[in-house]
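# Notes for the structure review
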Amino acid sequence: MTRTVGIIGIGHVGVTTAYTMVTKGLADRLILIDKQADRAAAEALDLADAQAGLPTFTQLIVNDYAALADAEVVIFAAGDISQVAAGGDRNGEIASTKLAIDEVAPQLAQSGFAGVLIDISNPCDVAVNYWQQLLGWKRQRILGTGTGLDTYRMRRAVAEKLGVNLADVRGYNLGEHGASQFTAWSTVYINSTAITAYGALDYAALAEASRQGGWQIFKTKHYTNYGIATIACEMAAAVISDARRVFPCACWDETAGISIGHPAMLGRAGVLSNPELALTAAEKTQYQHSAATIKANLATMQALP
Ligand SMILES: NC(=O)c1ccc[n+]([C@@H]2O[C@H](COP(=O)([O-])OP(=O)(O)OC[C@H]3O[C@@H](n4cnc5c(N)ncnc54)[C@H](O)[C@@H]3O)[C@@H](O)[C@H]2O)c1
């Protein structure tokens, strides 16, 4: 089997995702697409140079939608990061991301792509719902990185606080990849020990550190790329290898009636199932509030011309 992945939008995030794919040898064929055709071509040449020093080889194809017909995964990172509103509000990108989706969706549909679409572009949950409505595919084939990156940030904040390794911190941030997200502390463990066993902690400060972690980076760099590229590649690899690994993803929740960040088992068909969580009553309320926020922002996106 030839592992084929497409990346649409070769800006900061798209190119870092491509670099991660190439250096980890996660794909045999990588298709890079950007409406700035020269930019995608230049990035492909730079990536091609890197391969002289790598133990794996990735065939690079530029700006060819037809090549997506054979892809297992397409990662969508198109948009315009300069539209992020003051304070790091990802909803500033509603119009630019809608425009990019409207431009790409017909070409993606026409390409014959039959794999799994992973949206990174923000506002991520809103974009996933919009993609699902526009394309009408089985919802399990369309997901977003959602609170995957926020969960990484929670793991970093907890690890720094407790003096443990962030790889040993498990659990989830849930809901919107945005201000209404929350850390579900009932799910957080350090190895097999519940975080609650660590005594009194300032949970509000830790949750805020993960919620605001992106802004802390963004206000200096004006973009973020390494964390998101890593989680996107982890998810893509799980789909390609039918790994049945669980990630917090923006994906359909029948009960909430919306796609929203919650754990999903990923495999070749996309979302295979959603593990049940035993959330507390307060966490359930936060989740419902986040679902309502995504629905309101989706209505805003749909109302745009
Ligand atoms: N979900 C997350 O956790 C997360 C984290 C970081 C960034 N992001 C999001 O990822 C997206 C990309 O960020 P970035 O910093 O790479 O932005 P960027 O502005 O650097 O790059 C966007 C790229 O998309 C291209 N593009 C725009 N419209 C297109 C179209 N119709 N077809 C093809 N290409 C098109 C642009 O030419 C540009 O190269 C943003 O929406 C950003 O908010 C999400």
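Keep in mind that what you see is a predicted model, and the values were worked out from it rather than measured.

Rules and cut-offs
- Residues numbered from 1 in each chain as written.
- Predicted model: local features only at pLDDT ≥ 70, side-chain atom pairs only at ≥ 80, totals over all residues.
- Heavy atoms only, no water.
- Domains from an automatic or database assignment.
- Contact = heavy atoms within 4.5 Å.
- Buried area = accessible area lost by both parts, 1.4 Å probe.
- Salt bridge = Lys/Arg side-chain N within 4 Å of Asp/Glu carboxyl O.
- Polar contact = N/O pair within 3.5 Å; in protein donor to acceptor, adjacent residues only side chain to side chain.
- Helix = DSSP H or I, 4+ residues; strand = E, 2+ residues; numbered from the N terminus.
- Near = heavy atom within 4 Å.
- Axes fitted to C-alpha atoms, helices over the stretch in contact; angles between N-to-C directions.
- Parallel < 35°, antiparallel > 145°, perpendicular 65-115°, else oblique.
- Left-handed = near helix turned anticlockwise from the far one by under 90°.
- Nonpolar A, V, L, I, M, F, W, Y, C, P; charged D, E, K, R; others polar.
- Pairing = 2+ DSSP bridges.
- Buried < 20%, exposed > 50% of the residue type's maximum accessible area, 1.4 Å probe, protein only.
- Right-handed = clockwise from strand over helix to strand, strands pointing away.

## Observations regarding the domain arrangement of the chain
Split by domain assignment, the chain resolves into domain 1 (4–144) and domain 2 (148–303). Placing a centre on the C-alpha atoms of domain 1 and another on those of domain 2 gives a separation of 21 Å. Counting residues at the interface gives 37 residues for domain 1 and 41 residues for domain 2. The largest per-residue losses of area from domain 1 upon contact with domain 2 belong to R90, D125 and Q140, which jointly make up 17% of the total buried on that side. Summed over the shared surface of domain 1 and domain 2, the result is zero salt bridges. Put simply, domain 1 and domain 2 have eight residue pairs in polar contact (both at pLDDT 80 or more) between them. At the level of elements, α1 (12–24), β4 (73–76), α3 (94–111), β5 (116–119), α4 (124–135) and β6 (142–144) are the ones that each hand at least two residues to the side of domain 1 that touches domain 2. The biggest single contributor to the side of domain 1 that touches domain 2 is α4, with eight residues.

## Observations regarding the site of the ligand
Near the ligand, the surroundings consist of 27 residues, among which H12, V13, D34, E93 and E103 are the closest. Contact between the ligand and Q36: an oxygen atom at 2.8 Å from a side-chain N or O atom of the residue. Here an oxygen atom of the ligand and a side-chain polar atom of R39 are 3.3 Å apart. Where the shell around the ligand is concerned, the elements lending two or more residues are α1 and α3. A per-element tally of the shell around the ligand places α3 first, with three residues. For the shell around the ligand, the domains that each give at least three residues are domain 1 (4–144) and domain 2 (148–303).

## Re the packing of α3 against helix α9 (residues 281–303)
At a minimum axis separation of 10 Å, α3 and α9 run at an interaxial angle of 60°. Judged on the interaxial angle alone, α9 and α3 are oblique. By crossing handedness, the relation of α3 to α9 is classed as right-handed. The segment α3 lies against α9, with I94, T97 and K98 engaging N297, T300 and M301. Classifying every residue of the contact of α3 with α9 by side-chain character gives two nonpolar, three polar and one charged.

## A word on the sheet that holds strand β9 (residues 193–194)
Sheet strands associate in pairs through backbone hydrogen bonding, adopting either a parallel or an antiparallel arrangement. Overall, antiparallel pairing links the three strands, which are arranged β7-β8-β9 in an open sheet. The open sheet terminates on both sides in strands that have one partner only, identified here as β7 (169–174) and β9. Where β7 and strand β8 (residues 182–190) come together, five bridges link them in antiparallel fashion. Note on β8: the bridge partner recorded for N173 is T183. Taken strand by strand, helix α6 (residues 203–211) contacts β7 and β8, and its axis lies near 105° from that of β8. α9 contacts β7 and β8 of the sheet and is inclined by roughly 135° relative to β8.

## Remarks on the pairing of β4
Judged by which residues are buried, β4 turns out to be covered on both faces: V73 and I75 on one side and V74 and F76 on the other are all buried. Where strand β1 (residues 4–8) and β4 come together, four bridges link them in parallel fashion. In the strand pairing of β4, G6 is matched with V74. Where β4 meets β5, four bridges bridge the pair, whose relative direction is parallel. Within β5, the position partnered with V73 by the bridge is V116. Read as a crossover between parallel neighbours, the route from β4 over α3 to β5 is right-handed.

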